[in-house]
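What follows is the residue order along each chain.
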Amino acid sequence: MKRFVFRLESLLRYRSFQVKQALQALMVVQKLLEECEAEILKLGEDQQAALILLEKETQEGISGERFRLHTDYLADMEMRMLKMEERKKRILYQLREKQKLLDQARMAEKALENLKEGQREAYMKEMDLWQQKETDDMVSIRKAREGMS
């Protein structure tokens, strides 16, 4: 008995490869997003610490030069946080795009898998019918031989 052969197997393997590549690209962008969020969190903590230090020094008395240094530092921290928030928005956009590509690759792979399964089922039905026909023929031959004897 011959076995089932899916003629588009190489294309199915390629589609699976594309899904893996899309998933890896998505994971890279997710890692960037996590790093960006961690950096924003760290900047926020640093900013809070600097504000607490400024408030403490202000209560104890602070020179104008020192106060200017603190405010410049806080302004720089705010600017860096804004830049990181913009970067996060760009990364989120990239993440959505990579997710779309992954979804498309998965749909293409699933379509081929469904085609393969449909062809396999048709093949199995054909083989079952062929085996049934062979069995019926053998039974008919036996009956004919028994009838002759």
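Reading guide: rules and limits
Residues numbered from 1 in each chain as written. Predicted model: local features only at pLDDT ≥ 70, side-chain atom pairs only at ≥ 80, totals over all residues. Heavy atoms only, no water. Salt bridge = Lys/Arg side-chain N within 4 Å of Asp/Glu carboxyl O. Helix = DSSP H or I, 4+ residues; strand = E, 2+ residues; numbered from the N terminus. Buried < 20%, exposed > 50% of the residue type's maximum accessible area, 1.4 Å probe, protein only. Axes fitted to C-alpha atoms, helices over the stretch in contact; angles between N-to-C directions. Parallel < 35°, antiparallel > 145°, perpendicular 65-115°, else oblique. Left-handed = near helix turned anticlockwise from the far one by under 90°. Expected span 1.5 Å × (residues − 1). Phe/Tyr/Trp six-rings, centres within 6.5 Å; stacked < 30°, edge-to-face > 60°. Polar contact = N/O pair within 3.5 Å; in protein donor to acceptor, adjacent residues only side chain to side chain. Contact = heavy atoms within 4.5 Å. Core = buried A, V, L, I, M, F, W, Y, C linked by side-chain atoms within 4.5 Å.

In the nomenclature of an unreviewed UniProt entry, the protein chain is known as Flagellar FliJ protein of Desulfobotulus mexicanus.

What follows deals with the pattern of salt bridges. The full count for this structure, using the stated rule, is 11 salt bridges. In this structure, the salt-bridge partner of Asp137 is Lys133, at a minimum N-O distance of 3.4 Å. Placement of the pair is Asp137 and Lys133 together in helix α2 (residues 64-148), with a separation of 4 residues, close to one helical turn. In this structure Asp137 comes out as partly exposed when scored by relative accessible area, which is 34%. A residue is classified by how much of its surface remains accessible, and Lys133, at 48% relative accessible area, is partly exposed. Each of the salt bridges in this network shares a partner with another, and the network as a whole consists of Glu65, Arg68 and Asp72.

Following both chains from N to C, one finds helix α1 (residues 9-60) and α2 inclined at 165°, their axes separated by 7 Å at the closest point. The pairing of α1 with α2 is recorded here as roughly antiparallel in orientation. Our pair here, α1 against α2, has a crossing hand that is left-handed.

Take α1 next. For α1, which comprises 52 residues, the first-to-last C-alpha distance of 76 Å matches the rise-based estimate of 76 Å (1.5 Å per residue) to within 8%. Positive backbone phi, at 105°, marks Gly61, one or two positions downstream of α1.

Now for the packing of aromatic side chains. Applying the stated criterion across every chain, the model contains 2 aromatic pairs. Ring geometry for Phe4 and Tyr123: centres 5.6 Å apart, planes at 50°, overall tilted. Of this pair, Phe4 sits in the segment before α1 while Tyr123 sits in helix α2, and the two are 119 residues apart along the sequence. Overall, Phe4 belongs to the buried group, its relative accessible area being 16%. Overall, the relative accessible area of 12% leaves Tyr123 in the buried class. Here the aromatic rings of Tyr14 and Phe17 are separated by 6.4 Å at their centres, their planes lie at 35°, and the arrangement is tilted. On the criterion of helical spacing, the pair formed by Tyr14 and Phe17 is a turn pair, its members being 3 residues apart in helix α1.

Position of Lys116 relative to the elements: it lies in helix α2. One polar contact links Lys116 to Glu9, side chain to side chain, over a distance of 2.9 Å. Sequence-distant contacts of Lys116, that is, excluding residues within four places in its chain, are made with Phe4, Phe6, Glu9 and Leu12.

Here we come to the environment of Thr58. Mapping Thr58 onto the fold places it in helix α1. Overall, Thr58 belongs to the partly exposed group, its relative accessible area being 42%. Between the alpha carbons of Thr58 and Lys125 there is a distance of 86 Å; along the sequence they are 67 residues apart.

Turning our attention to the nonpolar core. In terms of nonpolar packing, the biggest core is built from 15 residues, with Cys36, Leu43, Met84, Ile91, Leu95 and Leu102 touching the most fellow members. Elements with a contribution of two residues or more to this core: α1 and α2. If you look at the next biggest cluster of nonpolar residues, it comprises 6 residues, including Phe6, Leu112, Tyr123 and Met127.

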